[in-house]
Amino acid sequence: MTMILSVAVVAALGLGLGWLLGLASQWLGATTDPVVERLTEALPGSQCGQCGYPGCGQAAIALSKGEAPVTLCPPGGRVVAEKLAEILGTTFDPGNLPDRGPLLARVRTDYCIGCSRCIKSCPTDAILGATKQLHVVLEEACIGCGACAEVCPTGGIDLEGIPVTLRNWRWHKPGVGHA
Amino acid sequence: MKIFRFRGGIHPEGNKDPTACHPIARLPLPKRLYIPLQQHIGEPAAPEVKVGDHVLKGQRLARHQGSVSAPVHAPTSGTVIAIGDHMAPHPSGLPVQTITLEPDGEERWVETEPAVDPFSLTRAEVAARVRDAGIVGLGGAAFPAAVKLDAGNRHPIDTLIINGGECEPYLTCDDRLMREGAGYVVEGVRLIANGLGAKRTVIAIEDNKPEALEAMRVAAAAHPGISVLRVPSRYPMGSEKQLVTTVTGREIPAGKLSAEIGVSVHNVGTALAVCRAVRFGKPLVSRVVTVGGGAIRNPRNVVVPIGTPAADLVEFCGGFTVTPTRVLMGGPMMGQVLPGLEAPVVKGTSGIIALTAAEAHAASERACLHCGRCVDVCPVGLVPLELAARVRAGRIDDAAELGMGDCLSCGCCAYVCPAHLPLAHLFNYAKGEIAARREAQRKAEETRKLAEARRLRLAAEAAAKAARRPARTTEKAETES
């Protein structure tokens, strides 16, 4: 008798809680795709638009639908591509990725006319300056997206690689070229 | 005194006899000195002299910047002939900002702070003198010594350990220093102990240096607070974590500093430099360097002004007998390949070791046998073969999860590997990659914050504009009516 009772109680509990869970998922369920959320988190979030989508959110949606390759984010480079591939459960060939390394924008002092267009275009507010004054790039904040170089009317902004110094030099992988 | 055992470790051939038997020689003044502004961990020093300035020995050439940094002083009197790039004593061979000094041969000292009774100074004064003298850890890591002394204020230190382990093969500079300058070393030790407020002080010396042990015992006999401890010769005994375990039985938790468990470790050479700085007011301008290895004609220890090119040292020791296969700065286990003999001796240079082909043991790599010897010898209890497989496959995050960050780069695993896998190199690469990823992660977070701040700013501007517009129209309407 006791056994039948306990089986019944547990079964009832299971059924009841399962029903509650089912209801909860209908009424309180996540409205956004969790995969998209994780992808958005992995992307830099600077909305620079270099991938061709208006922002990182749209890029994440395209990624989740398989419309864009995981190597779409130039500022993110290899590290972000790896993370995206991991979230999507796919692999990618790092050989396909033109890993030019992170870039920094640099204002050519003799070209800058102080039009302040670059300042307005910068997604991270990394350019300082006032109208008709020389503008400068804050290296710490620059993500090398190149938005400023595109709008500069004099072509006075260059994108340069970050020079290798004792502080950022790393050992190369054994058997794979020399750094 | 009880000695505790750390796990793993190896017994490499010492090769110390050729240099340990000769007294320390003094190098004649080189023609040029190349003094890098970054000889320590932390921010580089900022130059205070101009090209063409005449400077005196011990004069400050560059001041420290930020909390973790060290000033740089003129190793002799002479003229500054250049401030610019010169090859760094670093495996990359990259240039580093360097002050080039042409000695005038007079060795005229700048007026130094008057000699005082060092034990009348307060802790803060001792730390200030150590900082102003530009003293960094002379064991090789070159961490600013004053920062370590200061850590004693944040964490109570009960045990000061003086590292006379010198477990690296070939190196004997600390051995000779203890034999020839034991009195000064012990005085430096007492000053550091005072500065830290340490209750007990242990000078740990490996048992392959009986003369140094004896000299230090005699010098320390008058000071009951200091004990000289004979520790077994087992590499990496001289590594901070392993030495702390050997002396105290305590293990430094992963990612923590020794100060956090109440222990501070300083090298014997650092103790000597502290004595000089605090008692005599003399900054750190020279150090003892072991010039050794099978390819050196007359291997020996030499007192060298900081900034001396390695080539001058090799020449002083009779040059090469054969073309060396590899020239290292530091010992053969953890030393770094010297990119060229024009690279200068810096504060952290313990040795210039020129290895012959037979000593370098260059052998081609074979497949891993899964013998597990690397696991047996790893002093931090990692599984090098598993780590190596992951690093090779590019699975850096997995390697990090297996404890890659705790690797000391001691090279024990590579030393015993019968398949000659480049384990130490793989792990250096992996640790660099982990650091690069952490940096990229930090930058990504920073970018996100900046982008968010910009979005808020633009929204606020738009809102302010919108708020102004109706106000203006109502104003207009009022004036019209």
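Residues numbered from 1 in each chain as written. Chains lettered and ligands numbered in written order. Predicted model: local features only at pLDDT ≥ 70, side-chain atom pairs only at ≥ 80, totals over all residues. Heavy atoms only, no water.

Quick reminder of the rule: UniProt positions are given in the numbering used here, feature names are shortened, and annotations may be inferred rather than shown by experiment.
Taking an unreviewed UniProt entry as the reference, chain A is identified by name as Ion-translocating oxidoreductase complex subunit B belonging to Thauera phenylacetica B4P. The record held by UniProt for chain A lists under Sequence similarities (unreviewed entry) the comment "Belongs to the 4Fe4S bacterial-type ferredoxin family. RnfB subfamily." As recorded by UniProt, the Subunit (unreviewed entry) comment attached to chain A reads in full: "The complex is composed of six subunits: RnfA, RnfB, RnfC, RnfD, RnfE and RnfG."

### Quick notes on the sheet that holds strand β9 (residues 159-164) of chain B
All names here are of chain B. The condition that has to hold: One requirement defines pairing of two strands: DSSP has to find at least two bridges between them. Helix numbering and strand numbering both begin at the N terminus, where a helix is a DSSP run of H or I of at least 4 residues and a strand a DSSP run of E of at least 2. Between N-to-C directions, angles cover 0 to 180 degrees, with each direction set by a line fitted to C-alpha atoms, over the stretch in contact for helices. Here a residue-residue contact requires only that any non-hydrogen atoms of the pair lie within 4.5 Å.
Read across the sheet, four strands follow the order β11-β10-β9-β12 without closing on themselves; strand pairing throughout is parallel. Because the sheet does not close on itself, it has two edges, and the strands there are β11 (226-231) and β12 (263-267). Taken over all neighbouring pairs, the strand axes of this sheet differ in orientation by 25° on average, direction set aside. As paired elements, β9 and β12 share five bridges and run parallel to each other. Bridged to leucine 160 within β12 is serine 264. Docked against the sheet, helix α5 (residues 210-220) engages β10 (200-206) and β11, running at close to 165° with respect to β11. Running over the sheet, helix α7 (residues 268-280) touches β9 and β12 and is turned about 80° from β12.

### Considerations on the packing of aromatic side chains
The cut-off we apply is this: Here a Phe, Tyr or Trp ring, Trp counted by its six-membered ring, pairs with any other such ring whose centre lies within 6.5 Å, and the pair is stacked when the planes are under 30 degrees apart, edge-to-face when over 60, and tilted otherwise. Under the scheme applied here, a residue whose accessible area is under 20% of the maximum for its type counts as buried, over 50% as exposed, and between as partly exposed, the area being computed with a 1.4 Å probe on protein chains only. Here, a charge over a ring is recorded when the distance from Lys NZ or Arg CZ to the ring centre is within 6 Å and its angle to the ring normal is within 35 degrees.
One pass over the full model with this rule turns up two aromatic pairs over all chains. Taken together, a centroid distance of 6.4 Å and an interplanar angle of 70° make the contact between tyrosine 184 of chain B and phenylalanine 280 of chain B edge-to-face. With tyrosine 184 of chain B in helix α4 (residues 173-196) and phenylalanine 280 of chain B in helix α7, the pair connects residues that are 96 residues apart, well separated along the chain. For phenylalanine 280 of chain B, a relative accessible area of 32% corresponds to the partly exposed category. Sitting above the plane of the tyrosine 111 of chain A ring, arginine 108 of chain A keeps its charged end 4.7 Å from the centroid.

### Some points on the interface of chain B and chain A
A common way to report how large an interface is uses the accessible area buried once the components associate. Test applied: The quantity reported as buried area is the accessible area (1.4 Å probe) lost by two parts once they are put together, taken as the sum for both. Salt-bridge detection follows one rule: a side-chain nitrogen of Lys or Arg within 4 Å of a carboxyl oxygen of Asp or Glu. Here a polar contact is recorded for every N or O atom pair within 3.5 Å, except that within protein the pair must consist of a potential hydrogen donor and a potential acceptor, and residues adjacent in sequence are included only if both atoms are side-chain atoms. Basically, the charged four are Asp, Glu, Lys and Arg, the nonpolar ten are Ala, Val, Leu, Ile, Met, Phe, Trp, Tyr, Cys and Pro, and anything else, Gly included, counts as polar.
Between chain B and chain A, the contact holds 34 residues from the first and 32 residues from the second. Taken together, the two surfaces of chain B and chain A that pack against each other cover about 2700 Å², and 54% of this comes from carbon and sulfur. Inspection of the region where chain B meets chain A yields five salt bridges. The residue glutamate 82 of chain A makes a salt bridge to arginine 437 of chain B at a minimum N-O spacing of 3.1 Å. Scanning the region where chain B abuts chain A turns up 15 residue pairs in polar contact (both at pLDDT 80 or more). Taken together, the residues of the side of chain B that touches chain A sort by class into 14 nonpolar, eleven polar and nine charged.

### Digging into the packing of helix α2 (residues 34-42) of chain A against helix α3 (residues 56-64) of chain A
The description of two helices packed together rests on the angle between their axes and the distance between the axes. All names here are of chain A. As a reminder, the rule being used: In these notes the angle categories are as follows: under 35 degrees is roughly parallel, over 145 is roughly antiparallel, 65 to 115 is roughly perpendicular, and the rest is oblique. Two helices crossing with the near one rotated counterclockwise from the far one by less than a right angle form a left-handed crossing, whereas a clockwise rotation gives a right-handed crossing.
Between α2 and α3, the shortest axis-to-axis distance is 8 Å and the interhelical angle comes to 130°. What the angle tells us is that α2 and α3 run oblique. For the element pair α2 and α3, the recorded crossing hand is right-handed. Residues Val35, Val36, Leu39 and Thr40 of α2 form the contact with α3, whose participating residues are Gly57, Ala60, Ile61, Leu63 and Ser64. Counted by class, the contact of α2 with α3 contains six nonpolar, three polar and no charged residues.

### Side note on the sheet that holds strand β3 (residues 46-47) of chain B
All names here are of chain B. One open sheet accounts for three strands, arranged β3-β5-β6; its pairing is antiparallel. Here the strands that pair on one side only, and so sit at the sheet edges, are β3 and β6 (72-73). Across two bridges, the pairing between strand β5 (residues 60-63) and β6 is antiparallel. Bridge pairing links alanine 62 to valine 72 in β6.

### Structural notes on the environment of glutamate 43 of chain B
One can find glutamate 43 of chain B in the loop between β2 (33-36) and β3. For the pair glutamate 43 of chain B and alanine 70 of chain B, spaced 27 residues apart in the sequence, the C-alpha separation amounts to 8.1 Å. Leaving out residues up to four positions away in the same chain, glutamate 43 of chain B has contacts with Arg167 of chain A together with Gln38, Gln65, Val68 and Ser69 of chain B.

### Quick word on the side chain of glutamate 433 of chain B
Among the structural elements, glutamate 433 of chain B can be located in helix α14 (residues 423-480). The buried category is assigned to glutamate 433 of chain B, whose relative accessible area is 12%. What glutamate 433 of chain B contacts, discounting residues up to four positions off in sequence, is Arg78 of chain A together with Ile396 of chain B.

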